[in-house]
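Residues per chain are reported as follows:
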Amino acid sequence: MSNSKTKLPQVSRTKCSESHAVTTARPMDSGGDKNLTRKRSHQSKNLHLKIATYNVRTLSSESKLLELEEELKNINWDIIALCEVRQKGESWKTLKSGHALYHVGESDRLIGGVGFIVNKRHTEKIEKVKSISTRVAYLVLKLSTRHSLKIVQSYAPTSAHTDEEVEIFYNDLKTALEDTHTHFTIVCGDFNAKVGLKSDAAEISLGNFGSGTRNHRGESLLHFLLENNLYLMNSFFYKKLGRRWTWISPDGNTKNEIDYIISDKKSIIHDVTVLNRISIGSDHRMVRATVRINLDEERYRMTKRKTTNKWQNPENPEEFKQKITRLLKETTPQSTNIEELNNQITNSILEATKTCCPKQRIENKLTQHTKALMYNRREKQKEENVSIIEIRQLNKDI
């Protein structure tokens, strides 16, 4: 297939370890009916996207790329994040179909690498593409004048690699998260980690669903999620076990869930599913998320005033202390149960707060000295033989 290559700034690189950004040029508005423009703008405030991750195992040949494009005709998709593209160097090109392909890999060998296929509907909305390493890259999709979505693609080292290499991978992933601020962030890819089921209520990054048991690499992934306030969205949607696994062993006997879609906001992900309809000879299955973003609602969340009641210090700390002491003495513990004792202490503090702490603290912007000067001015103005010079001096002092 003959592909028309699109040259973009800073896409080539001399070393794979270096980070480079690709910024697309967006065409200017060609004009037209203003009412149509407004209508499109209003419709675009409710966005529906299909974002998927897929370990293709290889796209090193033109035939494999053609095969993938043909398979994508069978599903709805907007952006496909790729693992193991196995193409040399870093490149962004427009395919014959009109879709765009970005990839980054080793400069001297066909191994590993990550990338993206962007549907031609969205190529003009890509603001930035950047590689952190041959295992981590991200793109930024412009959603509106205020909102952008960052999609980070990851390919973690396998169990054959050392823990030091895994640590480097997570450092690169952390860099990708911090590198360009966007309102929404999705992280996806092949993490080569089994997270399994939620085992503790403190594991808030996990939902109630999963498969298999957690391994050491799964612990590392969960720790990273908790540390960065991220959510493993596969675990928030019930699926039958046959629709959870994402990798199958060569002998067909072992099936694991190791490809994930992760988000910093649970509300934008409405489904995560494993697709059987895509097959180009890979031992992985595609994982696709349904993303829905209501920009009107997000804008309201950003602009609304927070009405949470902040703690107000008691006007008389000694009185507050005595009130709590008296309430605790009046409350005779009925048992030694820790929950009941905690409730009694909490209720005593809340009752003392109602009495001794102001509901709303009024900030005094005028000092006592200024108030005294204002009082003197009022009294002076009542005098019959007041000097205008004295009044002016008081005004100046105030």
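Our structure's up above, just so we're on the same page.
Definitions and limits used
Residues numbered from 1 in each chain as written. Predicted model: local features only at pLDDT ≥ 70, side-chain atom pairs only at ≥ 80, totals over all residues. Heavy atoms only, no water. Helix = DSSP H or I, 4+ residues; strand = E, 2+ residues; numbered from the N terminus. Buried < 20%, exposed > 50% of the residue type's maximum accessible area, 1.4 Å probe, protein only. Areas by Shrake-Rupley, 256 points an atom, 1.4 Å probe, with all protein chains shown as cover. Salt bridge = Lys/Arg side-chain N within 4 Å of Asp/Glu carboxyl O. Contact = heavy atoms within 4.5 Å. Polar contact = N/O pair within 3.5 Å; in protein donor to acceptor, adjacent residues only side chain to side chain. Phe/Tyr/Trp six-rings, centres within 6.5 Å; stacked < 30°, edge-to-face > 60°. Lys NZ or Arg CZ within 6 Å of the ring centre and 35° of its normal. Patch = residues over 30% accessible without salt bridge, like charges linked within 9 Å, V, L, I, M, F, W, Y side chains within 5 Å.

A.B. asks: Got a minute to help me understand the overall build of the chain in this structure?
C.D. replies: Secondary structure assignment for the chain yields nine helices and 17 strands. Looking at the chain as a whole, 44% of its 398 residues qualify as buried. By element, 48% of the accessible surface of the chain is carried by carbon and sulfur atoms, the whole surface being about 23500 Å².

A.B. asks: Explain the pattern of salt bridges here, please?
C.D. replies: Oppositely charged side chains are able to pair whenever their charged atoms sit close together. What the rule picks out here adds up to 17 salt bridges. With a shortest N-O distance of 3.4 Å, R57 and E84 are connected by a salt bridge. Taken together, the positions of R57 in the loop between strand 3 (46-55) and helix 2 (62-72) and E84 in the loop between strand 4 (79-83) and strand 5 (90-94) put the pair 27 residues apart, joining distant regions of the chain. By relative accessible area, R57 is classed as partly exposed at 29%. Judged by its relative accessible area of 8%, E84 falls in the buried class. Salt-bridge contacts for E219 lead to R214; the nearest nitrogen and oxygen are separated by 3.8 Å. A cluster of three or more residues bridged by salt bridges with shared partners is formed by R57, E84, R86 and D283.

A.B. asks: Help me understand the environment of S60, please; the structure alone is not making it clear to me.
C.D. replies: Looking at where S60 falls in the secondary structure, it is placed in the loop between strand 3 and helix 2. Classification of S60 as partly exposed rests on a relative accessible area of 40%. Apart from residues no more than four positions distant in its own chain, S60 is found in contact with V85, R86, Q87 and L110. A distance of 2.9 Å separates a polar atom in the side chain of S60 from a polar atom in the side chain of T58.

A.B. asks: What exactly am I supposed to notice about the packing of aromatic side chains here?
C.D. replies: To describe a pair of aromatic rings, you give the distance between the ring centres and the angle between the ring planes. Taken as a whole, this structure holds eight aromatic pairs when the rule is applied. Between F191 and Y260, the aromatic rings sit 6.2 Å apart at their centres with planes inclined by 40°, giving tilted as the arrangement. Of the two residues, F191 is situated in the loop between strand 11 (184-190) and helix 4 (216-227) and Y260 in strand 15 (residues 259-263); the sequence distance between them amounts to 69 residues. Considered together, F191 and Y260 belong to a single accessibility category, that of buried residues. An aromatic cluster is defined as three or more aromatic residues linked by ring pairs; in this entry it consists of F169, Y170, F191, F224 and Y260. A cation over a ring is seen here: K266 above Y231, with NZ or CZ 4.9 Å from the ring centre.

A.B. asks: It is not clear to me how a nonpolar patch on the surface should be interpreted in this structure. Could you clarify?
C.D. replies: A surface patch of nonpolar side chains, amounting to about 230 Å² of accessible area, comprises L328, I345 and I349. Within the fold, L328 resides in helix 6 (residues 317-330). Overall, L328 belongs to the partly exposed group, its relative accessible area being 37%.

A.B. asks: Explain the side chain of H99 here, please?
C.D. replies: The topology assignment puts H99 in the loop between strand 5 and strand 6 (100-104). With a relative accessible area of 12%, H99 lands in the buried category. A polar contact of 3.1 Å, which involves the side chain of H99, links it to the backbone nitrogen of K120. Apart from the residues lying within four places of it in its own chain, the contact partners of H99 are E69, W77, K93, T94, I117, V118, N119 and K120.

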